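Fold and contact review
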Amino acid sequence: MGTVEPQVAQSGDVQEVTDGFHLVIDALKLNGIDTIFGLPGIPITDFTRMAQAAGMRVISFRHEQNAGNAAAIAGFMTQKPGICLTVSAPGFLNGLTALANATVNCFPMILISGSSEREIVDLQQGDYEEMDQLAIAKPLCKAAFRVLHAEDIGVGIARAIRAAVSGRPGGVYLDLPAKLFAQTMDAEAGKKSLIKVVDPAPKQIPGTDAVKRAVDLLKGAKKPLIVLGKGAAYAQADADIRDLIERTGIPYLPMSMAKGLLPDTHEQSAAAARSYVLAEADVVMLVGARLNWLLSHGKGKTWGGTDHKAWGDQKFIQIDISPQEIDSNVRIDAPLVGDIGSCVSALLAAIDSNAGSSWAKPPADWLRAIAERKDKNLAKMAETLAKDPTPMNFHSALNVVRDIIKANPDAILVNEGANALDFTRSIVDMYKPRKRLDVGTWGVMGIGMGFSVAAAVVSGQPVIAIEGDSAFGFSGMEVETLCRYDLPVCVVIFNNNGVYRGTDVNPTGGPDVAPTVFVKGARYDKLMEAFGGVGAHTTTPAELRKAMEEAIRSRKPTLINAVIDEAAGTESGRITSLNPTSGKKK
Ligand code: OXT
Ligand code: ADP
Ligand code: MG
């Protein structure tokens, strides 16, 4: 229990006192939170020092958005809320994008921001960094709280933790005004006011009727498919999920961050036959995956619909902890509302009691048809990967990354960009759960270095960040953070001189380059060298391989500038069609 200088009471007795600073630290520690990602300044500078003195790991960033992204992904990896700490108004706003992104992605995090004098803020009298932060955060997160009195800190932290991790996880905002930190109270009373949260994410057991409905649908399927989403990765029910897939023999499709839940090389993976299985399956079981844009909203041609809005003929089973997710886009025939661990084990039990060990595998012609498509795509991919063009392109570079991950399956892969994202997703196989961390539901750029720092801090494993050159720019200054904490992160920048590619020209012939184009031949490797890390400049797969192997071996912060053919990318990668086109005739 942290205390401050004892005070002498009127009676002459020495009274142990504590204060807001120490109560926040004690409340976090009591709940097993040992790391804070943040950026110091008024009014939380001393808080960061005291937290470090109290044995917490305090990781300081160069920009709050990156600290926020680090907190969010730490939450995803550990099921404990990641903590991001910022100063008031601008620092808070810098962290807010990450908080909103965490909420959209169902990652548990708590953004704790210091704030200015309530009385002055509410009368809008122009305080230092004045802003009504609570009101601004509210619509962008799952819950938002403010603590005004030291004796309420325990409750405030407990509520924030519960809100972040229970039910559908998400971002929580906790507003701590500057005055709160210095408030004192009796140390014993302070200790009693803290709450060790019991069962922060209670299991949610699905109804037996819902389980039966789902099993009956699965049993009758001629062309069943399971889609695993990042909710399934988050749930940490890895063994049961694998068991369910292997015992039923149903082909599965991993969403991007569910890759590796089962090894991507698993024979039941239908990832390389994505278009075929989505359009053809007759019963689709979604496990922690929403029917949002990434799954074409469950309708249209992707799902066998006759036009872009039409529903297909398939039936859906959806496992999700959020009852409101069900029917969000199309009809869900068998909703299974509960936590994935409980739902999957209930399904396994029902399958056992239903069919003993003789659950019929899906019809052979369905499996054969998938295998045919898959083999064709895999063969085509193998052929492309075997090429060694000059200049190096996405495929020949990613062939190296693919080998490196295969040889180091515990390494964590962080990935952002457009082409640099999409090619990596389909080329680099993952072998273990929660090893692939990427742009997620919003397709947001800027997660790269924040995710990398957190992944290294939380896991101690090597991290490989595959970054488009544009994507890297959003958080690039954190290479200093990588060096400061000496983290085993190898950043590989796929440098094609711009956003999507580097070949656009200014149609006016004026001196400005095109909006998508960067300085040609930029040497990002030198950025890392500026802070004492290792920089490497590579133009061939052989050079890239050598540099990556050395980074993994040495565990030194490394940045590899991988020069890619500047014409190799396409507009927005695989999502070109989302760009609106002008109807105006030229
Ligand atoms: O079945 P078919 O035949 O269809 O084939 C599929 C699979 O079966 C097959 N496949 C395989 N074949 C062989 N072997 C294997 N192993 C295999 N696996 C799969 O391959 C195909 C494709 O499979 P895939 O990828 O699974 O399927 P598909 O159809 O693509 O899936 C659809 C989606 C939607 C699920 C998928 O495409 C997806 O997940 N997409 C995510 C896209 C995304 O989020 N993109 C990022 C955003 S783009 C844009 O917004 C950018 N911005 C703007 C911006 C952003 N985002 N944020 C902020 C804060 N500000 C601005 C910017 C600035 S990107 C960007 C920077 C870009 O420049 P960079 O320099 O960073 O990057 P470069 O482009 O590299 O230059
Ligand atoms: P993806 O982008 O991989 O398809 P989404 O983020 O769209 O995944 O979906 C994740 C879903 O998982 C969300 O609807 C969320 O409510 C759900 N979810 C998250 N954690 C759990 C859990 N422990 N149990 C059940 N559902 C969960
Ligand atoms: Mg690029």
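Just above sits the structure.
Residues numbered from 1 in each chain as written. Chains lettered and ligands numbered in written order. Predicted model: local features only at pLDDT ≥ 70, side-chain atom pairs only at ≥ 80, totals over all residues. Heavy atoms only, no water.

1. Quick word on the packing of aromatic side chains
A complete count under the given rule lists 11 aromatic pairs for this structure. Aromatic pair Phe76 and Phe107: ring centres 5.2 Å apart, planes at 55°, arrangement tilted. Placement of the pair is Phe76 in helix α3 (residues 64-78) and Phe107 in the loop between α4 (89-105) and β6 (109-115), with a sequence separation of 31 residues. Using a relative accessible area of 2% as the deciding quantity, one classes Phe107 as buried. Put simply, the rings of Phe21, Phe47 and Phe181 pair up and form one aromatic cluster. Directly above the aromatic system of Tyr276 lies the positively charged group of Arg373, at a separation of 4.0 Å from the ring centroid. (Phe/Tyr/Trp six-rings, centres within 6.5 Å; stacked < 30°, edge-to-face > 60°. Helix = DSSP H or I, 4+ residues; strand = E, 2+ residues; numbered from the N terminus. Buried < 20%, exposed > 50% of the residue type's maximum accessible area, 1.4 Å probe, protein only. Lys NZ or Arg CZ within 6 Å of the ring centre and 35° of its normal.)

2. Comments concerning the site of ligand 2
Taken together, 20 residues are adjacent to ligand 2, and Arg168, Lys230, Arg290, Asp320 and Ile340 come closest. One nitrogen or oxygen atom from the main chain of Gly288 is found 3.4 Å from an oxygen atom belonging to ligand 2. Taking Arg290, its side chain carries an N or O atom lying 2.8 Å from an oxygen atom of ligand 2. For ligand 2, whose unbound accessible area comes to 580 Å², protein coverage reaches 96%. It is helix α11 (residues 230-234) that contributes the most residues to the shell around ligand 2, 3 residues altogether. Per-class residue counts for the shell around ligand 2 are 9 nonpolar, 6 polar and 5 charged. (Near = heavy atom within 4 Å. Polar contact = N/O pair within 3.5 Å; in protein donor to acceptor, adjacent residues only side chain to side chain. Areas by Shrake-Rupley, 256 points an atom, 1.4 Å probe, with all protein chains shown as cover. Nonpolar A, V, L, I, M, F, W, Y, C, P; charged D, E, K, R; others polar.)

3. Description of unusual backbone geometry
Residue Pro43 is bonded to the preceding Ile42 through a cis peptide linkage, with omega at 5°. With respect to the helices and strands, the residue Pro43 is situated in the loop between β3 (35-38) and α2 (45-53). Its identity is not glycine, yet Arg555 carries a phi of approximately 60°, on the positive side. Following the sequence through the fold, Arg555 ends up in the loop between α22 (541-554) and β20 (558-563). Taking the relative accessible area as the measure of exposure, Arg555 reaches 38% and is therefore partly exposed.

4. Some words on the coordination of the magnesium ion (ligand 3)
Looking at the metal site, the magnesium ion (ligand 3) is ligated by Asp469 (OD), Asn496 (OD1) and Gly498 (O), spaced 2.1 Å from it. Sequence spacing of the donors to the magnesium ion (ligand 3): D-x26-N-x1-G. Note that Asp469 is positioned in helix α19 (residues 469-473) and Asn496 in the loop between β18 (489-495) and α21 (524-529), a separation of 27 residues in sequence. Summarising the burial analysis for this pair, Asp469 and Asn496 share the class buried. (Donors = N, O, S within 2.8 Å, 3.2 Å for Na, K, Ca; no water.)

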